[in-house]
Amino acid sequence: MSHPFPPPPIKSFERLQATDGLLINAERWRTAHEYHRNRQNAQYQSLNQPGIVCGLGVRDVTAPSQVEARYRDGRWVQIQPGIAIDLAGNLIVIPTSYDFPIDLEVVGSEPLMIYLVVSYVDPDELRRGQQRDIVQESYRIDQRNSTPISSEIEICRILLQPGHTDITQPADAFFPGYNNIDLRYRRQAQMRPQALVCMAQATHSDPECARNFFSLSYLLQAVEPLYPSLRGADEPGQVSLAENIQDYDILYLTGGQAISLNSLEFESLRNYLNLGGVLLVDAPTNANALIESTQALAQQLESPLRPLEELQRSHPLRTKPFLFAALPMVNQQQIKLLIGGGIILVIGDLATAWGLDRDLSLPRLTIRTAQELGINILHYAWKRRQLIGLQQEDNSGQW
């Protein structure tokens, strides 16, 4: 099971044992203070996620007059004061405005994404010419042409065109263009989600197997706003059942033709389900071949499918986190759910109502109820994998 941010190291804390007559030297003083600092950072890592607390706005500015003439171009930005917290729980404070030049050059004819990031600087790691009684915790601002590393906090990004172009504010902050300051992907410091749920489309011989792929993105984007305790992965994957499917909490399979697995795919799927994975088969009501082959596959895996209405009223697919008495209507028909041994069979083409349809005709209520049931399915997949994973030999990474 995946998580967007790793937990703190699982190790015991050591603290100074004070006794009468104890001699306090620099090493013991440092030990005493490091204990409290490490405890504070571990608490933040355990319960929260890194990001920006406040401020750290970015605007384009003219080059400072004191810099050399050749650097006085239109590619200077000013970072406003603010606070962030990094992955290790360190507080990053920028107390005053900071002017910064974007001087990376675009090599080639294609635009290049530039990331402006900030990271924590421990004063103990700085080389100083003289010892001081008081040192100030600091920060470092960098520009990158690749995805920021885990210890860095993204302040903004800029899609830079080739040539010596000026950096400007976007005309529409929601839709920045080339050479515009883009603040849309900044992460806010907030409560840590319990898990990152990863989903992939299972590809197979059916030419219709990818018809709902973009609907998976809509569902994953809806998870955190509707149920903040979970977060959906940024994008769904695409895998065959013969690949390494253990990276995903749930596999989505659709189409109309019967499922036909070779021995390698069958054993891979069996192992995946035994380790807590979930296979979601989303079948249109007229896809009899897919429905019957899914039921036969469940029988072959010795976990026959049972309708949701035959199971306990408190079954998590019906109750957690959203409560369903009757299941949603999609295409004027009520969907059906059958479950067994990690396989969920949906009859009714649920994913077609997870997002915007071609004609923009789906009512909001239809989309919302379909997404809520989809989140129940993702929650079920996460919880099933967690409970089974906690019974494995090495479960230190389970949440």
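In this report, the structure presented in the accompanying data block is examined.

Definitions and cut-offs
Residues numbered from 1 in each chain as written. Predicted model: local features only at pLDDT ≥ 70, side-chain atom pairs only at ≥ 80, totals over all residues. Heavy atoms only, no water. Helix = DSSP H or I, 4+ residues; strand = E, 2+ residues; numbered from the N terminus. Buried < 20%, exposed > 50% of the residue type's maximum accessible area, 1.4 Å probe, protein only. Contact = heavy atoms within 4.5 Å. Areas by Shrake-Rupley, 256 points an atom, 1.4 Å probe, with all protein chains shown as cover. Lys, Arg positive; Asp, Glu negative; His and termini not counted. Charge placed at Lys NZ, Arg CZ, Asp CG, Glu CD. 1 Å grid on protein atoms, 1.4 Å probe; cavity = no way out; pocket = protein on both sides within 12 Å on 5 of 7 lines; lining within 4 Å. Points joined across faces, edges and corners; volume = space filled by probe spheres on them. Nonpolar A, V, L, I, M, F, W, Y, C, P; charged D, E, K, R; others polar. Axes fitted to C-alpha atoms, helices over the stretch in contact; angles between N-to-C directions. Parallel < 35°, antiparallel > 145°, perpendicular 65-115°, else oblique. Pairing = 2+ DSSP bridges. Polar contact = N/O pair within 3.5 Å; in protein donor to acceptor, adjacent residues only side chain to side chain. Expected span 1.5 Å × (residues − 1). Salt bridge = Lys/Arg side-chain N within 4 Å of Asp/Glu carboxyl O. Phe/Tyr/Trp six-rings, centres within 6.5 Å; stacked < 30°, edge-to-face > 60°.

### Points about the overall build of the chain
Piece 1. Assigned secondary structure in the chain consists of 6 helices and 23 strands.
Piece 2. Along the first, second and third principal axes, the C-alpha atoms of the chain reach 75 × 65 × 40 Å.
Piece 3. Expressed as a percentage of its 399 residues, the buried residues of the chain come to 46%.
Piece 4. Nonlocal contacts in the chain, meaning residues at least 24 apart in sequence, comprise 70% of its contacts between residues at least 6 apart.
Piece 5. Summing over all exposed atoms, the chain offers an accessible surface of approximately 22,100 Å²; the carbon and sulfur share of this is 49%.
Piece 6. With 34 positive and 44 negative side-chain charges, the chain shows a spacing of 6 Å between the two charge centroids.

### Observations regarding the environment of Gln257
Piece 1. Inspection of the secondary structure assignment puts Gln257 in the loop between strand S17 (250-254) and helix H3 (263-274).
Piece 2. Residues Gln257 and Glu292 lie 35 residues apart in sequence; the distance between their C-alpha atoms is 9.9 Å.
Piece 3. Excluding its chain neighbours within four sequence positions, the residues that come into contact with Gln257 are Ser205, Asp206, Pro207, Ala289 and Leu290.

### What to know about the layout of surface pockets
Piece 1. Taken as a whole, the largest pocket spans an internal volume of roughly 970 Å³.
Piece 2. With 3 residues, the top contributor of residues to the lining of the largest pocket is strand S10 (residues 153-160).
Piece 3. Partitioned by chemical class, the residues of the lining of the largest pocket number 12 nonpolar, 6 polar and 9 charged.

### Regarding the packing of helix H2 (residues 213-226) against helix H6 (residues 364-389)
The angle between the axes and the distance between the axes are what describe a pair of packed helices.
Piece 1. The N-to-C vectors of H2 and H6 enclose an angle of 85°; their axes lie 10 Å apart at closest approach. On the basis of the axis angle, H2 is roughly perpendicular to H6. Contacts between H2 and H6 involve Tyr218, Leu219, Leu220, Ala222, Val223 and Leu226 from the former and Arg368, Gln371, Gly374, Ile375 and Leu378 from the latter.

### Considering the sheet that holds strand S2 (residues 51-55)
Consider a sheet: its strands pair through backbone hydrogen bonds, and that pairing is either parallel or antiparallel.
Piece 1. Taking strand neighbours across the sheet as the criterion, the 3 strands line up as S2-S5-S6 in an open arrangement whose pairing is antiparallel. Since the sheet does not close on itself, it has two edges, and those belong to S2 and strand S6 (91-94), each with one partner. Taking the axes of each pair of neighbouring strands and ignoring which way they run, one obtains an average angle of 15° across the sheet.
Piece 2. Where strand S5 (residues 82-85) and S6 come together, 4 bridges link them in antiparallel fashion. Looking at the pairing, Ile83 lines up with Val93 of S6.

### Section: the pairing of strand S23 (residues 343-347)
Piece 1. Buried residues dominate S23, accounting for 5 of its 5 residues.
Piece 2. Along S23, one buried face is formed by Ile343, Leu345 and Ile347 and the opposite face, lined by Ile344 and Val346, is buried too.
Piece 3. Where strand S18 (residues 278-283) meets S23, 5 bridges bridge the pair, whose relative direction is parallel. Bridge assignment links Val281 to a residue of S23, and that residue is Leu345.
Piece 4. Bridge count between strand S22 (residues 336-340) and S23: 5 bridges; the pairing is antiparallel. Paired with Leu337 across the two strands is Val346, which belongs to S23.
Piece 5. Linking S22 to S23, which pair antiparallel, is a turn of 2 residues; within it Gly341 sits at a positive phi near 55°.

### Details of the environment of Thr165
Piece 1. Among the structural elements, Thr165 can be located in the loop between S10 and strand S11 (181-182).
Piece 2. Sequence-wise, Thr165 and Gly74 are 91 residues apart; in three dimensions their C-alpha atoms are separated by 7.3 Å.
Piece 3. Sequence-distant contacts of Thr165, defined by excluding residues within four places in its chain, comprise Arg75, Leu160 and Asn179.
Piece 4. A polar contact is formed between the side chain of Thr165 and the side chain of Asn179, at a distance of 3.2 Å.

### A closer look at H6
Piece 1. Here H6 is 26 residues long and its end C-alpha atoms lie 37 Å apart, about the 38 Å a rise of 1.5 Å per residue gives.
Piece 2. Within H6, 20 of the 26 residues are buried, which leaves the element mostly enclosed by the surrounding structure.

### Quick look at the pattern of salt bridges
Piece 1. All chains considered together, the criterion is met by 12 salt bridges.
Piece 2. With a shortest N-O distance of 2.9 Å, Arg184 and Asp182 are connected by a salt bridge.
Piece 3. Classification of Arg184 as partly exposed rests on a relative accessible area of 40%.
Piece 4. In this structure Asp182 comes out as buried when scored by relative accessible area, which is 7%.
Piece 5. Overlapping salt bridges bring together Glu34, Arg37 and Asp122 as one network.

### Describing the packing of aromatic side chains
Piece 1. Counted under the stated rule, the structure contains 5 aromatic pairs.
Piece 2. Between Tyr98 and Phe100, the ring centres sit 6.5 Å apart and the planes meet at 35°, which makes this aromatic pair tilted.
Piece 3. A residue is classified by how much of its surface remains accessible, and Tyr98, at 34% relative accessible area, is partly exposed.
Piece 4. Among the residues examined, Phe100 registers a relative accessible area of 9% and is labelled buried.
Piece 5. The interplanar angle of 55° and the centroid separation of 6.2 Å between the aromatic rings of Tyr252 and Trp354 together place this pair among those described as tilted. With Tyr252 in strand S17 and Trp354 in the loop between S23 and H6, this residue pair connects regions lying 102 residues apart in the sequence. Trp354 matches Tyr252 in its accessibility class, with the two residues each being buried.

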